[in-house]
Amino acid sequence: MAVVEKVLIIGSGAREHAIARALQRSPQNPQLYGLGTNRNPGLLASCSQFEIGDINDPDFVLNFAKENGITLAIIGPEAPLAAGVADALWEADFPTVGPRQDLAQIETSKAFARQLLTDYHIPACPKFQVFQTLEGVSEFLSELGEYYVVKADGLTGGKGVKVAGDHLHSHQEALTYAGELLAEAGQFVVEEKLIGEEFSLMSFTDGRTLRHMPPVQDHKRAYEGDTGPNTGGMGSYSCANGQLPFLSSSDIDEARRFNVDTISALKREFGQPYQGILYGGFIATAQGVKLIEYNARFGDPEAMNVLALLETDFLEICQAIVGQTLHETIVQFGRQATVCKYAVPEGYPNHPVKGQLIDISRLSSTGQLYFGSVEKTDGENLKEIGSRTLAVVGIADDLEMAEAQAEKLISQVSGPLFHRKDIGTAELVQRRINHMRELRPND
Ligand code: AMP
Ligand code: GLY
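Thresholds, definitions, all that
Residues numbered from 1 in each chain as written. Chains lettered and ligands numbered in written order. Predicted model: local features only at pLDDT ≥ 70, side-chain atom pairs only at ≥ 80, totals over all residues. Heavy atoms only, no water. Pairing = 2+ DSSP bridges. Helix = DSSP H or I, 4+ residues; strand = E, 2+ residues; numbered from the N terminus. Axes fitted to C-alpha atoms, helices over the stretch in contact; angles between N-to-C directions. Core = buried A, V, L, I, M, F, W, Y, C linked by side-chain atoms within 4.5 Å. Buried < 20%, exposed > 50% of the residue type's maximum accessible area, 1.4 Å probe, protein only. 1 Å grid on protein atoms, 1.4 Å probe; cavity = no way out; pocket = protein on both sides within 12 Å on 5 of 7 lines; lining within 4 Å. Points joined across faces, edges and corners; volume = space filled by probe spheres on them. Nonpolar A, V, L, I, M, F, W, Y, C, P; charged D, E, K, R; others polar. Salt bridge = Lys/Arg side-chain N within 4 Å of Asp/Glu carboxyl O. Near = heavy atom within 4 Å. Polar contact = N/O pair within 3.5 Å; in protein donor to acceptor, adjacent residues only side chain to side chain. Areas by Shrake-Rupley, 256 points an atom, 1.4 Å probe, with all protein chains shown as cover. Parallel < 35°, antiparallel > 145°, perpendicular 65-115°, else oblique. Contact = heavy atoms within 4.5 Å. Phe/Tyr/Trp six-rings, centres within 6.5 Å; stacked < 30°, edge-to-face > 60°. Lys NZ or Arg CZ within 6 Å of the ring centre and 35° of its normal.

Peer 1: Mind laying out the sheet that holds strand S6 (residues 128-131), listing which residues take part and the relevant values?
Peer 2: The four strands lie next to each other as S6-S9-S7-S8, forming an open sheet whose pairing is antiparallel. Bordering the open sheet on either side are S6 and strand S8 (161-163), each of which pairs with just one other strand. When the angles between neighbouring strand axes are averaged without regard to direction, this sheet yields 15°. As defined by bridge partners, S6 adjoins strand S9 (residues 188-192) across four bridges and the pair is classed as antiparallel.

Peer 1: If you had to explain the sheet that holds strand S16 (residues 276-285) to someone new, which residues and values would you point to?
Peer 2: Sheet architecture is open: four strands sit in the order S11-S10-S16-S17, paired in antiparallel fashion. Looking at the sheet topology across the chains shown, the edges are occupied by strand S11 (210-212) and strand S17 (288-295). Neighbour-to-neighbour, the strand axes of the sheet open up by a mean angle of 35°, direction not taken into account.

Peer 1: Let's hear about the nonpolar core: which residues, and what values?
Peer 2: Taken as a class, soluble globular proteins show a tendency for nonpolar side chains to be buried jointly. If you look at the biggest cluster of nonpolar residues, it comprises 124 residues, and the most contacted ones within it are Ile-106, Phe-204, Phe-298 and Phe-314. Among the elements that make up this core, the one with the highest residue count is helix H12 (residues 314-323) (seven residues). With 17 residues, the next largest nonpolar core counts Phe-140, Tyr-148, Ala-152 and Leu-175 among its residues.

Peer 1: Describe in detail empty space enclosed by the protein, supporting the description with residues and values.
Peer 2: Taken as a whole, this structure holds three cavities of 30 Å³ or more when the rule is applied. What the largest cavity holds in volume is close to 70 Å³. Considering the residues around the largest cavity, the lining is formed by Ile-106, Glu-107, Ser-109, Lys-110, Ala-113, Arg-114, Lys-151, Leu-291, Ile-292, Glu-293 and Tyr-294. Going through the elements one at a time, helix H6 (101-108), helix H7 (110-119) and S17 are the ones with two or more residues in the lining of the largest cavity. For the lining of the largest cavity, a count of residues per class yields five nonpolar, one polar and five charged.

Peer 1: Please give an account of the pattern of salt bridges that cites residues and values.
Peer 2: One pass over the structure, following the stated rule, counts 17 salt bridges. Between Arg-221 and Asp-166 there is a salt bridge, and its shortest N-O distance comes to 3.2 Å. Note that Arg-221 is positioned in strand S13 (residues 221-223) and Asp-166 in the loop between S8 and helix H9 (171-185), a separation of 55 residues in sequence. Residue classification places Asp-166 among the partly exposed positions, given a relative accessible area of 42%. Sharing partners across several salt bridges, the network here consists of Glu-197, Asp-226, Arg-420, Asp-422, Arg-431 and Arg-432.

Peer 1: Describe the site of ligand 1, listing the residues and the values that go with them.
Peer 2: Within the structure, ligand 1 sits among 13 residues, and Glu-191, Glu-192, Leu-194, Glu-198 and Glu-293 are positioned closest to it. Between a nitrogen atom of ligand 1 and a side-chain N or O atom of Glu-191, the distance comes to 2.8 Å. Here Glu-293 contributes a side-chain N or O atom positioned 2.8 Å from an oxygen atom of ligand 1. Computed on the free molecule, ligand 1 has an accessible area of 470 Å², of which 91% lies beneath the protein chains in the complex. The class makeup of the residues in the shell around ligand 1 is five nonpolar, no polar and eight charged.

Peer 1: Summarise the site of ligand 2; cite the residues concerned and give the values.
Peer 2: Neighbouring ligand 2 are Asp-218, Gly-232, Tyr-279, Asn-295, Arg-297, Gly-299, Asp-300, Pro-301 and Glu-302. Residue Asp-218 places a side-chain N or O atom 2.8 Å away from a nitrogen atom belonging to ligand 2. Separating an oxygen atom of ligand 2 from a backbone N or O atom of Asp-300 is a distance of 2.9 Å. Considered on its own, ligand 2 offers 200 Å² of accessible surface; in the complex 90% of this is hidden by protein. Of the residues assigned to the shell around ligand 2, the class counts are two nonpolar, three polar and four charged.

Peer 1: Lay out the packing of helix H1 (residues 14-24) against helix H11 (residues 302-309) with the relevant residues and their values.
Peer 2: One way to put it is that H1 packs onto H11 with a least axis distance of 9 Å and a crossing angle of 10°. In terms of orientation, H1 and H11 fall into the roughly parallel class. Between H1, through Ala-14, Arg-15, Ala-18, Ile-19 and Ala-22, and H11, the contact on the second element is made entirely by Ala-303, Met-304 and Leu-307. When its residues are assigned to classes, the contact of H1 with H11 shows seven nonpolar, no polar and one charged.

Peer 1: Can you break down the environment of Ala-320 residue by residue, with the values?
Peer 2: As for its placement among the helices and strands, Ala-320 is situated in helix H12. With 239 residues separating them in the primary sequence, Ala-320 and Leu-81 have C-alpha atoms 20 Å apart. Setting aside its immediate chain neighbours within four residues, Ala-320 contacts Asp-206, Thr-325, Leu-326 and Thr-329.

Peer 1: Please set out the packing of aromatic side chains residue by residue, giving values where relevant.
Peer 2: A ring pair, where both rings are aromatic, is described by two values, the distance of the centres and the angle of the planes. Here the structure, examined in full by the defined rule, presents 11 aromatic pairs. Both rings, one in Phe-282 and one in Tyr-294, keep their centres 6.1 Å apart while their planes meet at 85°; by these two values the pair is edge-to-face. Of this pair, Phe-282 sits in strand S16 while Tyr-294 sits in strand S17, and the two are 12 residues apart along the sequence. Of the two residues examined, Phe-282 and Tyr-294, each falls in the buried class. Each member of the aromatic cluster is reached from another via a ring pair, and the members are Phe-199, Phe-258, Phe-282 and Tyr-294. Over the face of the ring belonging to Tyr-370 we find Arg-21, whose NZ or CZ atom lies 5.1 Å from the ring centre. When the ring centre of Tyr-177 is taken as reference, the NZ or CZ atom of Lys-162 above it lies at 4.6 Å.

What follows is the structure, encoded as structure tokens:
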């Protein structure tokens, strides 16, 4: 008889709840275990054992894996990857979905990522320079003119990037910010500001073979019309035909090729396979597709879009990733559109209200609901705890219907929360299409 897999999910946001839901659909009926930083009601309900603790501490994770006889681990967020949790698990013979610390530098160091692509002649980078002093920064800014971006090198939860026009209004401001980054971390990146439309292209990989997921567009800004501060992502959509309406199919091919070439460059650089998910944050420009950044994990919210569509047994894919048999696995996604919308606390992201009760009892169906930064109180009440509270996913034959479904579901949630009504609407998507037409009039 086949052994029942005991799968450990590390992380406790809506992305990890989506991972749990995908595993629960597996015909192999795995037993789920969880480690997280908040008592996520979705994970509490899905896991036979769920513990709170420091998920960035390799010993804490390892002890839990040993005590519970875990047979496979999946790391959701980037911080445990950066802390070497995958290395510790593999060393103790726990097969793990999520790259080792060296390989995760593709996300954890922007300088490393840019340099790797340059060294391996992968033409996805804008003009860039890595600095360890302020010497030469002024000259490089002059070369870039009004199109420049200054980036912290390490993990900053999306807050380390300042873009000309949005956050920086002169070379002097750019130099001041560069000085701050230098004092904090000793290294920073200055690069060309790219103009275009962003999209996410994620791939499953065992280090040799890649299986691509449908492209998704996330929305980073907090408020409607792409205004307000940057967030972790307010919502995302994908289309029934596996394309995005503002992209050409050659854009998607190019992004897939970059993911393939980057995985092969990482293998050559470190002599080790990258086993997990590679997430390319791309931008389609007048000069073709360029890379904004790589992430070493599923996107949040993008995981909700793609996992909701996944038809292949997700556990089988994870087994193929750790066993390096992905070349034998066909990965299929449903031909439907998805719209994911996040409800977030009033004041999010800069001054979110915390500890307020929310009510989901009016929700007509909870099957498309994903809990994020929320906890169950002593009673049956739910309390938001400051970050993105919960997400819903609409799934339908076209985008319009998927959007209407997501909007209906999310408006049934009550509490001091807000969401972006415009994500996935025809009007917003048309703006993306028009923008690309302006940039590429001859296409
Ligand atoms: P990152 O943390 O690298 O994803 O950057 C956060 C956001 O900053 C991205 O989603 C982009 O909107 C913007 N950004 C980063 N790099 C660039 C660039 N080179 N050109 C234009 N926008 C950028
Ligand atoms: N969707 C943004 C992120 O996962 O980083």
